[in-house]
Amino acid sequence: MGNAAGHTVLVTGATAGFGAAMARKYAADGAKVIITGRRADRLAALKDEIGDNAHTLNFDIQDQDAVFKAIESLPADFSDITILVNNAGLAMGMGSADTADMNDWNTMVATNISGLIAMTGAVLPGMVARNRGHIVNLGSVAGTYPYPGGNVYGATKAFVHQFSLNLRADLVDKNVRVTCVEPGMAETEFSVVRFDGDESKAADVYKGMKAMTPEDVAEAIYWATMMPAHVNINTVEMMATVQAFGPFSVHRE
Ligand code: NDP
Ligand code: 8X3
C-alpha cells in the first residue's frame, strides 16, 4: 500500500457524509485535497480544519459550465489532480414511479449522471496528458439490486457502474485507473435529503440496525486508491453486516 503524500485528490460533495470523511482521511495522510460542494460555509469550515493542504471549489455540479470553469480556475499547486472522487450525488423521494415528481427525477439525473460525467470530462484529459490518475465513482447497491421506490435513483447508479467499466475499457493503455464503489446503507445526510429534510423519517431508516459510517466507505475508497500502481480495483460492493437481500415479490389476486 502507498500513502497519500504526493497526491492531489478532488472530492466532489465534500460538505457532508462520505465526501467530508474522504477529504479528512486523504488530508490526514499527506495529500492535498480539493473539496467541492454548494454549501460554501461548510467548505470554508472544512478548509479551516484541514489548512493549507485544502482548496475549495464552490459550484453546483448540475451546471456543466461551472464545472469546467472551476477546474480551469485551479491554482498551479492544485491543478495536477491524481485522484478524482465523483462522490456528489443524491436520492430524492422513495415513492412508487407512478407518483413521482418529475423535478426529483430530473435532479437525480442532472446530479448523479450529468454532473458526474461533466467532472470526468473536465478532469480526465489532464490525467491522460500527465499519464497518471485514478477516478473513483460512487455507485450504490441500488444500481444492482432493485427495490420499491428505487426507480430513477437506482437507475442513475446503474449508469455509474457501467460508465466506470467503460472508462476502464478506454483507459487501459493510459495509466488511469477507475473504481466504482457501491455501498449499501450508510448513515449520512443521504436520507435527510431523500426525505426532503424530514429528520425523523431519515432516522427511522437506520433505527435498530448498525449502518455503515462515512469513515467505513472512505476507508474502502482509500484502500482502492492506494493499491500498487499495477492493480486496478474495478468494483467494490459493500454493505452493513445486517443488510442483505430480500425475496422476489409476487403480487397475488
Ligand atoms: P450526503 O447527503 O451526506 O452528501 C452528499 C454530498 O453531495 C454533499 O456534500 C452535497 O453537497 C453534494 N451534492 C449534492 N448535490 C450536489 C450538487 N448539485 N452540486 C454539488 N454538490 C452536490 O450523502 P452521502 O455522503 O451518503 O452520499 C455521497 C454519495 O454516495 C452519493 O453519490 C450517494 O448517492 C452515494 N451513496 C450513498 C449511500 C448511503 O447510504 N449514504 C449508499 C450508496 C451510495 P452540497 O449539498 O453542499 O452541494
Ligand atoms: C444508497 C443505498 O440502499 O438506500 O445508495 O439505496 S440505498
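Residues numbered from 1 in each chain as written. Chains lettered and ligands numbered in written order. Predicted model: local features only at pLDDT ≥ 70, side-chain atom pairs only at ≥ 80, totals over all residues. Heavy atoms only, no water.

Q: Sorry if this is basic, but what is going on with the pattern of salt bridges here?
A: A side chain of one charge can pair with a side chain of the opposite charge if their charged atoms are brought near each other. Per the counting criterion, the structure on display carries seven salt bridges. Of the charged contacts in the structure, one is a salt bridge between glutamate 49 and arginine 24, with a shortest N-O distance of 2.6 Å. With a gap of 25 residues between them, glutamate 49 in helix H2 (residues 40–50) and arginine 24 in helix H1 (residues 17–28) connect regions that are remote in the sequence. The shortest N-O distance in the salt bridge between glutamate 189 and arginine 42 comes to 2.7 Å. Of the two residues, glutamate 189 is situated in the loop between strand S6 (176–183) and helix H6 (190–194) and arginine 42 in helix H2; the sequence distance between them amounts to 147 residues. Glutamate 189 gets classed as partly exposed once you look at its relative accessible area, which sits at 28%. (Salt bridge = Lys/Arg side-chain N within 4 Å of Asp/Glu carboxyl O. Helix = DSSP H or I, 4+ residues; strand = E, 2+ residues; numbered from the N terminus. Buried < 20%, exposed > 50% of the residue type's maximum accessible area, 1.4 Å probe, protein only.)

Q: I would appreciate a short explanation of the nonpolar core in the present structure.
A: The biggest cluster of nonpolar side chains holds 35 residues, and the ones touching the most others in it are Val9, Met22, Tyr26, Ile35, Val85 and Ile221. Counting only elements with at least two residues in this core, the list comes to strand S1 (8–11), H1, strand S2 (32–37), H2, strand S4 (83–86), strand S5 (133–138), helix H8 (214–226) and strand S7 (235–238). Every residue in contact with isoleucine 221, bar those within four places of it in the chain, is listed here: Met22, Tyr26, Val136, Leu138 and Val181. (Core = buried A, V, L, I, M, F, W, Y, C linked by side-chain atoms within 4.5 Å. Contact = heavy atoms within 4.5 Å.)

Q: What is the right way to read the sheet that holds S6 from this model?
A: As a general point, the strands of a sheet are linked pairwise by backbone hydrogen bonds and lie either parallel or antiparallel. What the seven strands build is an open sheet, ordered S3-S2-S1-S4-S5-S6-S7; its pairing is parallel. The outermost strands of the open sheet, each flanked by one partner alone, are strand S3 (54–58) and S7. Across the sheet, the mean angle separating the axes of adjacent strands is 15° when strand polarity is ignored. Pairing of S2 with S3, which is carried by five bridges, proceeds in the parallel orientation. (Pairing = 2+ DSSP bridges. Axes fitted to C-alpha atoms, helices over the stretch in contact; angles between N-to-C directions.)

Q: Sorry, what's going on with the site of ligand 1 here?
A: Neighbouring ligand 1 are 30 residues, the closest being Thr15, Arg38, Asn87, Tyr153 and Thr188. In the environment of ligand 1, a nitrogen atom lies 2.9 Å from a nitrogen or oxygen atom belonging to the backbone of isoleucine 61. The contact in question runs from an oxygen atom of ligand 1 to an N or O atom on the backbone of asparagine 87, over 2.8 Å. The fraction of the free accessible surface of ligand 1 (880 Å²) that becomes covered by protein chains is 96%. Going through the elements one at a time, H1, helix H5 (151–171) and H6 are the ones with two or more residues in the shell around ligand 1. Of the residues assigned to the shell around ligand 1, the class counts are 13 nonpolar, 12 polar and five charged. (Near = heavy atom within 4 Å. Polar contact = N/O pair within 3.5 Å; in protein donor to acceptor, adjacent residues only side chain to side chain. Areas by Shrake-Rupley, 256 points an atom, 1.4 Å probe, with all protein chains shown as cover. Nonpolar A, V, L, I, M, F, W, Y, C, P; charged D, E, K, R; others polar.)

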